[in-house]
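# Residue-level structure breakdown
Listed below are the residues making up each chain.
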Amino acid sequence: MLKVGLTGGIGCGKSTVARIFADLNVPVLDADKIAHRLVEKEQPALTQIQQEFGPDILNPDGSLNRKALRDRIFSDPKQKQKLESILHPLVYKTLQAELEQLTAPYCIISIPLLFETGMTHFVDRILVIDCPVEAQIERVRIRDNLSIERIQSIIDSQVSRAFRKTKADDLIDNSDTDYRLAEQVKKLHNLYLSISACRD
Ligand SMILES: Nc1ncnc2c1ncn2[C@@H]1O[C@H](COP(=O)(O)OP(=O)(O)O)[C@@H](O)[C@H]1O
Ligand SMILES: [Mg+2]
């Protein structure tokens, strides 16, 4: 099956685009959702994280204190690496298992940090959702109620818009209204269907 990796900076519209593909009955896998599930209470990955990061990383009820973990890894690349070495192999394994359950000409795999985590080899094609940084900031400000400085620091921690564009096989321009978004998705849907038909 053709695997299309969907990526883009925070707030560029990845989830919005993924929903439009899903509405076309395209299976959509989501690396972030998988990672989220992997660290739910009593999951083996959470035990590993607790062993590496200490008991302070858990809430009193035994669930992950996501803010504490975020703060720890945000300022320390070594800690970030440590977390990734626990989670990445498990995310891969889970994605692989989910893929094996699918029967469809192609699927979308949403991997927000596709380049940052070096997961590009996992997909056959890279679809980048693109919009200007100002639009990213404005959309995330409304969605997540974060300060502009905080949003900017997240954007700075991700690869640049220019870098993403050089790596894209396909690009969706999401600076515009949602109507054009559906149109662009439909075009790519047809493209992916014809590519997958040639592969079989
Ligand atoms: N073209 C658009 N115009 C206006 N708002 C948009 C547009 N696309 C997405 N949004 C809104 O911007 C926010 C970020 O989009 P989202 O799809 O969640 O981005 P991502 O998943 O890449 O972080 C959401 O609240 C979404 O509804
Ligand atoms: Mg999203």
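What you are looking at is a predicted structure, and each value in this text was computed from that prediction instead of being measured.

### Considering the nonpolar core
Here is a general trend for soluble globular proteins: nonpolar side chains tend to be buried in one another's company. Counting residues in each nonpolar core, the largest one holds 27 residues, and the members touching the most others are Val4, Leu6, Val17, Phe21, Ile108 and Ile109. Here this core spans two domains, since at least three of its residues come from each of domain 1 (1-27 + 105-195) and domain 2 (34-101). Discounting chain neighbours no more than four positions away, the residues touching Phe21 are Val26, Val28, Ile108 and Val185.

### Quick word on helix α9 (residues 178-199)
Structural remark: α-helix, 3.6 residues per turn; residues separated by three or four positions point the same way. With 22 residues, α9 should cover 32 Å at 1.5 Å per step; its first-to-last C-alpha distance of 31 Å lies within 8% of that length. Taken as a whole, α9 has its buried residues at Val185, Leu188 and Tyr192. The arc that holds every buried residue of α9, seen down its axis, measures 70 degrees, which confines them to one face. In α9, the exposed positions that point more than 90 degrees away from the buried face belong to Tyr179, Glu183, Lys187, Asn190, Ser194, Ala197 and Cys198. Those residues of α9 hidden inside the fold are in contact with β1 (2-7), α1 (14-23), β3 (106-110), β4 (125-130) and β5 (170-173).

### A closer look at the site of ligand 1
Within the structure, ligand 1 sits among 14 residues, and Lys14, Ser15, Thr16, Arg139 and Arg143 are positioned closest to it. Breaking the shell around ligand 1 down by element, the ones donating at least two residues are α1, α6 (133-144) and α9. Per element, the largest residue contribution to the shell around ligand 1 is three residues, and it comes from α1. Looking at the shell around ligand 1 residue by residue, the classes come out as three nonpolar, seven polar and four charged.

### Concerning unusual backbone geometry
With a phi angle near 65 degrees, Asn25 is a residue other than glycine that sits in the positive phi range. The exposure class assigned to Asn25 is exposed, which follows from the 8 C-beta atoms found within 10 Å. Phi is positive for Asn145, which is not a glycine, with a value near 55 degrees. Within the secondary structure layout, Asn145 lies in the loop between α6 and α7 (148-157). Overall, the presence of 7 C-beta atoms within 10 Å leaves Asn145 in the exposed class.

### Regarding the sheet that holds strand β2 (residues 28-30)
Taken in spatial order, the five strands of this open sheet run β2-β3-β1-β4-β5, and their pairing is parallel. The outermost strands of the open sheet, each flanked by one partner alone, are β2 and β5. Going across the sheet, the axis of each strand differs from the next one's by a mean of 25 degrees, ignoring polarity. With three bridges joining them, β2 and β3 adopt parallel strand pairing. Within β3, the residue paired with Leu29 across the bridge is Ile109.

### Describing the packing of helix α3 (residues 44-53) against helix α5 (residues 77-100)
Close contact between α3 and α5 brings their axes to 10 Å; oriented N to C, the two are set at 165 degrees. As far as their axial angle goes, α5 and α3 are roughly antiparallel. Where α3 crosses over α5, the handedness of that crossing is right-handed. Two secondary-structure elements touch here, α3 through Ala45, Gln48, Ile49 and Glu52 and α5 through Lys82, Leu83, Ile86, Leu87 and Leu90. Of the residues in the contact of α3 with α5, the class split is six nonpolar, one polar and two charged.

Parameters and conventions
- Residues numbered from 1 in each chain as written.
- Chains lettered and ligands numbered in written order.
- Predicted model: local features only at pLDDT ≥ 70, side-chain atom pairs only at ≥ 80, totals over all residues.
- Core = buried A, V, L, I, M, F, W, Y, C linked by C-beta atoms within 7 Å.
- Buried ≥ 20, exposed ≤ 12 C-beta atoms within 10 Å, placed from the backbone.
- Domains from an automatic or database assignment.
- Contact = placed C-beta atoms within 7 Å.
- Helix = DSSP H or I, 4+ residues; strand = E, 2+ residues; numbered from the N terminus.
- Expected span 1.5 Å × (residues − 1).
- Arc of directions from axis to C-beta.
- Near = placed C-beta within 6 Å.
- Nonpolar A, V, L, I, M, F, W, Y, C, P; charged D, E, K, R; others polar.
- Pairing = 2+ DSSP bridges.
- Axes fitted to C-alpha atoms, helices over the stretch in contact; angles between N-to-C directions.
- Parallel < 35°, antiparallel > 145°, perpendicular 65-115°, else oblique.
- Left-handed = near helix turned anticlockwise from the far one by under 90°.

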